[in-house]
Amino acid sequence: MAQICKNLNEIIIQNCYQDLPGLITLIDAQRNLKSVLFYGSKNKKGSKGTPCKNLGNALARKGNMINVLHLDSVSIIPPSFLTSLINLKDLSIFNVGNYGDTSEEIKEIKQYLIISEFPNLQYLDFGLPCFKELAMLILKTKGNILYVDVSINNKNAKDVGMLIKAIANNCPKIKGLSTHLELRDFINVKLLLLNCRYLGCIKFDSLEDSFVNFVNENDNTGDELLDILTKFSPNSLTDISISGCWKYSIEAFERFFDSCREKTLFYFEIIPSNINYITQDHIVIIRKFIEEGVIKSCRFPSN
């Protein structure tokens, strides 16, 4: 293949657990390699395996060509090759299955994210708790980021607010954002909405499911977020998902939906959580605005 196929734009690699000389030769032979995608490429459960160092070196040699990189696992390749991808536009890194992935490997990839620079980055999709590192990465872009998605299971993650601020101050063209929030980060959403006037889709899940029981039953913790969305959302924002573990008053719910009458919400979702504060009264309000045509499509937890 390396002798015949020299102009591949995309290489999709599945179930790669070790350096493969033929694959490395194929990559080296390419003249216009734009996209490299690793799927199911993690060490088998119960085996440590060896990161593909030579494969990483081959990708580094094509670093100025590659625009798209997808990794299912941080244990596939030593992350040092990331610094060579100077023209990267689309980056997605996950930790699927956690097979062979260790905290040391995640720590190492964080270190390389800090020193990497992807000035032309447009799409960022992460399944790792790297809020601080992604914020620092965004600070070094040219303002062309369109979509950011950071979805994690680690409720102990930190520096979420730092990421929101970095996006608000450096991503004026962003159209979609999906991430987690803590209660103290609601104020950063205001800055985001004021600065990012092309936002069409947002998804804010909670990092604090396990701490919901400590919220006073009389505290409508989600009203601050709803009021910020009510007052500062751009007209382009018509796809909104918010966590069901934040408490919302009926009054704040109605104010928010009333503010959407002129633009119509194409999609509204209450994200399910371990503890759900969405009551039948909230659902009645949602259905009312669906009937009035303010909400076109909706998803909410059943009680």
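Quick caveat, the model's predicted, so the values are computed rather than measured. (Residues numbered from 1 in each chain as written. Predicted model: local features only at pLDDT ≥ 70, side-chain atom pairs only at ≥ 80, totals over all residues. Heavy atoms only, no water.)

Undergrad: Where do I start with helix α7 (residues 223-232) in this structure?
TA: At 3.6 residues per turn, the α-helix brings residues three or four places apart onto the same side. Three or more residues of α7 are buried, namely Asp223, Leu225, Leu226, Ile228 and Leu229. Of the surrounding secondary structure, the elements contacted by the buried residues of α7 are α6 (186-195), β8 (201-206), β9 (239-243) and α8 (250-258). (Buried < 20%, exposed > 50% of the residue type's maximum accessible area, 1.4 Å probe, protein only. Helix = DSSP H or I, 4+ residues; strand = E, 2+ residues; numbered from the N terminus. Contact = heavy atoms within 4.5 Å.)

Undergrad: Would you explain the pairing of strand β2 (residues 35-39) in this entry?
TA: Taken residue by residue, a regular strand's side chains alternate between the two faces of the sheet. Most of β2 is tucked away, with four of its five residues classed as buried. Sheet topology places strand β1 (residues 10-14) next to β2; five bridges connect them, and they run parallel. The partner of Glu10 across the bridge, within β2, is Ser35. Handedness of the crossover joining β1 and β2 through helix α1 (residues 21-28): right-handed. (Pairing = 2+ DSSP bridges. Right-handed = clockwise from strand over helix to strand, strands pointing away.)

Undergrad: Would you mind showing me how to read unusual backbone geometry here?
TA: What is expected of a backbone is that most residues other than glycine have negative phi and most peptide bonds are trans. The phi torsion at Asn15 lies on the positive side, around 55°, for a residue other than glycine. Position of Asn15 among the secondary structure elements: in the loop between β1 and α1. For Asn15, a relative accessible area of 45% puts it in the partly exposed group. Despite not being glycine, Thr264 has its phi angle at roughly 70°, a positive value. Along the chain, Thr264 turns up in the loop between α8 and β10 (267-271).

Undergrad: Please explain the packing of α6 against α7 as it appears in this structure.
TA: Packed helices, taken two at a time, are described by their axes: the angle between them and the distance between them. The contact between α6 and α7 brings their axes to 9 Å, and the two run at 15°. The orientation of α6 with respect to α7, classified from their angle, is roughly parallel. Relative to α7, the crossing made by α6 is right-handed. For the pair α6 and α7, contact is made by Phe186, Ile187, Val189, Lys190, Leu193 and Leu194 and by Glu224, Leu225, Ile228, Leu229 and Phe232, respectively. In terms of residue class, the contact of α6 with α7 is built from nine nonpolar, no polar and two charged. (Axes fitted to C-alpha atoms, helices over the stretch in contact; angles between N-to-C directions. Parallel < 35°, antiparallel > 145°, perpendicular 65-115°, else oblique. Left-handed = near helix turned anticlockwise from the far one by under 90°. Nonpolar A, V, L, I, M, F, W, Y, C, P; charged D, E, K, R; others polar.)

Undergrad: Whenever I open this one, the sheet that holds strand β4 (residues 90-93) confuses me. Can you help?
TA: Two orientations exist for strands paired in a sheet by backbone hydrogen bonds: parallel and antiparallel. As summarised here, the arrangement of the eleven strands in space is β1-β2-β3-β4-β5-β6-β7-β8-β9-β10-β11, forming an open sheet in which the pairing is parallel. With partners counted over all chains shown, the strands left at the sheet margins are β1 and β11 (298-299), one partner each. When strand β3 (residues 68-71) meets β4, the two strands line up parallel, connected through four bridges. The residue bridging His70 from the neighbouring strand is Ser92, located in β4.

Undergrad: It is not clear to me how the packing of aromatic side chains should be interpreted in this structure. Could you clarify?
TA: Aromatic ring pairs are reported here in terms of the distance separating the ring centres and the angle at which the planes meet. All chains considered together, the criterion is met by nine aromatic pairs. Ring plane angle 85° and centroid distance 5.0 Å describe the contact between Phe186 and Trp246, whose orientation is recorded as edge-to-face. Remark: Trp246 occurs in the loop between β9 and α8 and Phe186 occurs in helix α6; sequence separation between them is 60 residues. Of the two residues, Phe186 and Trp246, neither departs from the other in class, the shared state being buried. (Phe/Tyr/Trp six-rings, centres within 6.5 Å; stacked < 30°, edge-to-face > 60°.)

Undergrad: What exactly am I supposed to notice about the nonpolar core here?
TA: Soluble globular proteins tend to bury their nonpolar side chains together. Formed by 91 residues in total, the largest nonpolar core has its most connected members in Leu91, Phe126, Phe253, Phe257 and Phe268. Looking at this core element by element, the count peaks at six residues for helix α5 (residues 160-170). In contact with Leu91, other than residues within four places in its own chain, are Leu69, Leu113, Phe118, Leu121, Tyr123, Leu124, Asp125, Phe126 and Leu137. (Core = buried A, V, L, I, M, F, W, Y, C linked by side-chain atoms within 4.5 Å.)

Undergrad: How do you make sense of the pattern of salt bridges when you look at a structure like this?
TA: Any two side chains of opposite charge can pair if their charged atoms end up close together. Within this structure, the stated rule accounts for seven salt bridges. Residue Asp227 pairs with Arg255 through a salt bridge whose shortest N-O separation is 3.0 Å. In this pair, Asp227 sits in helix α7 while Arg255 sits in helix α8, placing the two residues 28 residues apart along the sequence. The class for Asp227 is partly exposed, based on a relative accessible area of 23%. (Salt bridge = Lys/Arg side-chain N within 4 Å of Asp/Glu carboxyl O.)

Undergrad: What's the story with the packing of α5 against α6 in this structure? I'm lost.
TA: At a minimum axis distance of 8 Å, the contact between α5 and α6 shows a crossing angle of 15°. Taken together, the axes of α5 and α6 are roughly parallel relative to one another. Every pair of crossing elements has a handedness; the one defined by α5 and α6 is left-handed. In this structure, α5 contributes Gly161, Ile164, Lys165, Ile167, Ala168 and Asn169 to the contact, and α6 contributes Asn188, Val189, Leu191, Leu192 and Asn195. Here the contact of α5 with α6 is built from residues that sort into six nonpolar, four polar and one charged.

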